[in-house]
Amino acid sequence: ASFVREMTFRSLDGHNLTLAFRQISELRKRERQKELLQQEEATLVKQEKLIRTKNERVPRLADLTMRPVFAGRKTQGNLEAHSNGLR
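The text that follows walks through the structure, step by step, so that each part is easy to find. Here the residue index of a chain counts from 1 through its sequence in written order. Restriction of local features to residues with pLDDT of at least 70 applies here, the model being predicted, together with a cutoff of 80 or more for giving and counting side-chain atom pairs; totals for whole chains, interfaces and linings are based on all residues. To get the side-chain values, take all heavy atoms of the structure and skip hydrogens and water.

As a further point, take the overall build of the chain. When you go through the chain residue by residue, the secondary structure sums to one helix and three strands. Secondary structure elements of the chain, listed N to C terminal, follow the sequence α-β-β-β. Note on method: radius of gyration uses C-alpha positions; expected globular size equals 2.2 Å times residues raised to 0.38. Relative to the 2.2 N^0.38 estimate, which gives 12 Å for 87 residues, the radius of gyration of the chain is 24 Å and therefore markedly larger than a compact globule would have. For the chain, the C-alpha atoms occupy an extent of roughly 75 × 30 × 15 Å along the three principal directions. Contacts: residue pairs with any heavy atoms within 4.5 Å of one another. Relative to all contacts within the chain whose residues are 6 or more apart in sequence, the contacts with residues 24 or more apart total 35%. Counting rule applied: Lys, Arg positive; Asp, Glu negative; His and chain ends not counted. Here the site of a charge means atom NZ of a Lys, CZ of an Arg, CG of an Asp or CD of a Glu. Distance between charge centres in the chain, computed from 18 positive and 11 negative side chains, equals 3 Å. In this text, helices come from DSSP runs of H or I with a minimum length of four residues, and strands from runs of E with a minimum of two, each type numbered from the N-terminal end.

Following this line, the structure appears as structure tokens:
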């Protein structure tokens, strides 16, 4: 890994410096998010395939809301209980 300790920019137009600062900030934010995602994925455990129950009636809870909210909005769904997990 390479690290940049200091960078100096010069410009006659202040807009160019603002644009460069914004682009560098966005790049740093994207890289930080990528590192966090890799750390989260490293702790994930591979799950075995879901074995559905043999009964024709699966225990089910309807109209559940997930927390914390993923995808930026509230969504409702169903939760089904199977022999080795939930779906």
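With that settled, consider the pattern of salt bridges. In what follows, salt bridge is the name for a side-chain nitrogen of Lys or Arg lying within 4 Å of a carboxyl oxygen of Asp or Glu. Per the counting criterion, the structure on display carries two salt bridges. The closest approach of N and O atoms between K34 and E31, which form a salt bridge, is 3.4 Å. With K34 and E31 both in helix α1 (residues 14–42), this residue pair falls three residues apart, about one helical turn. Across the pair R60 and E80 runs a salt bridge, and its minimum N-O distance is 3.0 Å. Residue R60 is located in strand β1 (residues 60–65), and its partner E80 is located in strand β2 (residues 76–82); the two are separated by 20 residues in the primary sequence.

Positive phi is not limited to glycine here, since D63 has a value of about 55°. The classification of residues rests on relative accessible area computed with a 1.4 Å probe and restricted to protein chains. Under 20% of the type maximum is buried, over 50% is exposed, and intermediate values are partly exposed. Since its relative accessible area comes to 57%, D63 is described here as exposed.

Geometric values such as these leave the question of function open.
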